[in-house]
Amino acid sequence: MPNIKPLDPAQATGDTAKALDSVKAKLGAIPNLIATIAQAPAALQFYLKANEGVAAGRFTAKQRELIAIGVADANACAYCLSAHTAIGGMVGLQPTDLEAARDGHAANPRDAALITLARRIVLARGHLDAADLTRARNDGLSDADILETIALVALNVFTNYVNHIAGTEIDFPPVALRKAA
């Protein structure tokens, strides 16, 4: 049972109702995470606008999902791991890609660099040292790539923490965590 219950879309009003209708039109359903965040209209707007912002960035949908999986695994967020594994499959990632991302790996060197950087940001709690930045740059990442990765990490940490605190019920095919939180 969740600690913070999802908002019943039938009870939503104003901008929140419009936002939930938009999500449902786009996805065919309103995931429990979004319904939970909708309890706070400002949080919902933050989440939706941040998603729009990163979607317009330089990374592909596959790269964004690989980063999200790496962050979800590093934060032991079962909801996000399940959601982004499902979404990753929808955008064309193979099961081997999805599994490798959990460990910070990818077949493509650029993707591997992005996942490694994202996981390092999470595990270092944002305190990267000069060696971390040198490695990212040596792996071919620009300062713009580093900053966009930070934005994706921040967005994913937000959802990870919402799920940890809210106890969001997983409404995607569940993916088991391998590590303790």
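Throughout what follows, the structure given in this document is the object of discussion. Because the structure is predicted, anything quoted here is derived from the model rather than measured.

With that out of the way, let us pick up the nonpolar core. Leu20 and Leu44 are the most contacted members of the largest nonpolar core, which totals 49 residues. Looking at this core, the elements that each hand over two or more residues are α1 (14-27), α2 (32-37), α3 (41-55), α4 (61-74), α5 (78-90), α6 (95-102), α7 (109-123) and α9 (143-166). Here Leu20 is in contact with Leu7, Pro9, Ala12, Ile30, Ile34, Ala38 and Leu44, once residues within four sequence places are set aside.

Bringing a nonpolar patch on the surface into the picture now. On the surface, a cluster of nonpolar side chains totalling about 310 Å² of accessible area is made up of Ile4, Tyr161 and Ile165. The topology assignment puts Ile4 in the segment before α1. By relative accessible area, which is 36% here, Ile4 ends up partly exposed.

Across all of its chains, the model carries two aromatic pairs by this definition. Aromatic pair Tyr79 and Phe172: ring centres 5.9 Å apart, planes at 85°, arrangement edge-to-face. Of this pair, Tyr79 sits in helix α5 while Phe172 sits in the segment after α9, and the two are 93 residues apart along the sequence. The exposure class of Tyr79 is buried, given its relative accessible area of 4%.

Below, the discussion takes up α3. The terminal C-alpha atoms of α3 lie 21 Å apart, and with 15 residues this matches the ideal 21 Å at 1.5 Å per residue to within 8%. If you check which residues of α3 are buried, you get Leu44, Tyr47, Leu48 and Val54. Within α3, the buried residues cover an arc of 135° as seen down the axis, which keeps them to one side. Along α3, the residues that are exposed and aim more than 90 degrees away from the buried face are Ala42, Lys49 and Glu52. On its buried face, α3 is in contact with α1, α2, α4 and α9.

A word on the layout of surface pockets. Roughly 1000 Å³ of internal volume is contained in the largest pocket. Lining the largest pocket are 34 residues, with Lys26, Leu27, Tyr47, Asn51 and Ile87 sitting closest to its centre. If you list the elements that add at least two residues to the lining of the largest pocket, you get α1, α2, α3, α4, α5 and α9. Here the lining of the largest pocket gets eight residues from one element, more than from any other, and that element is α3. Partitioned by chemical class, the residues of the lining of the largest pocket number 22 nonpolar, six polar and six charged. Approximately 230 Å³ is the volume found for the second largest pocket. Along its surface, the second largest pocket is lined by Ala74, Asn75, Ile121, Val122, Leu123, Arg125, Gly126, Leu128, Ile150, Val153, Val157 and Tyr161. Residue assignment for the lining of the second largest pocket shows that the elements contributing at least two residues are α7 and α9. Top contributing element to the lining of the second largest pocket by residue count: α9, with four residues. A breakdown of the residues in the lining of the second largest pocket according to their chemical character gives nine nonpolar, two polar and one charged.

Moving on, we get to the environment of Asp132. Within the fold, Asp132 resides in helix α8 (residues 130-138). For Asp132 and Ser82, which are 50 residues apart along the polypeptide, the C-alpha to C-alpha distance reads 28 Å. Within polar-contact distance, the side chain of Asp132 engages the side chain of Arg120 at 3.0 Å.

A few words on the packing of α4 against α5. Two elements in contact, α4 and α5, have axes whose closest approach is 9 Å; the angle formed by their N-to-C orientations is 160°. Of the possible angle classes, the one that applies to α4 and α5 is roughly antiparallel. Taken as a pair, α4 and α5 cross one another with a handedness that is left-handed. Each of Glu65, Ala68, Ile69 and Ala72 in α4 lies in contact with α5, whose residues at this interface are Cys80, Leu81, His84, Thr85, Ile87 and Gly88. The residue inventory of the contact of α4 with α5, partitioned by class, reads six nonpolar, three polar and one charged.

What counts and how
- Residues numbered from 1 in each chain as written.
- Predicted model: local features only at pLDDT ≥ 70, side-chain atom pairs only at ≥ 80, totals over all residues.
- Heavy atoms only, no water.
- Core = buried A, V, L, I, M, F, W, Y, C linked by side-chain atoms within 4.5 Å.
- Buried < 20%, exposed > 50% of the residue type's maximum accessible area, 1.4 Å probe, protein only.
- Helix = DSSP H or I, 4+ residues; strand = E, 2+ residues; numbered from the N terminus.
- Contact = heavy atoms within 4.5 Å.
- Patch = residues over 30% accessible without salt bridge, like charges linked within 9 Å, V, L, I, M, F, W, Y side chains within 5 Å.
- Areas by Shrake-Rupley, 256 points an atom, 1.4 Å probe, with all protein chains shown as cover.
- Salt bridge = Lys/Arg side-chain N within 4 Å of Asp/Glu carboxyl O.
- Phe/Tyr/Trp six-rings, centres within 6.5 Å; stacked < 30°, edge-to-face > 60°.
- Expected span 1.5 Å × (residues − 1).
- Arc of directions from axis to C-beta.
- 1 Å grid on protein atoms, 1.4 Å probe; cavity = no way out; pocket = protein on both sides within 12 Å on 5 of 7 lines; lining within 4 Å.
- Points joined across faces, edges and corners; volume = space filled by probe spheres on them.
- Nonpolar A, V, L, I, M, F, W, Y, C, P; charged D, E, K, R; others polar.
- Polar contact = N/O pair within 3.5 Å; in protein donor to acceptor, adjacent residues only side chain to side chain.
- Axes fitted to C-alpha atoms, helices over the stretch in contact; angles between N-to-C directions.
- Parallel < 35°, antiparallel > 145°, perpendicular 65-115°, else oblique.
- Left-handed = near helix turned anticlockwise from the far one by under 90°.

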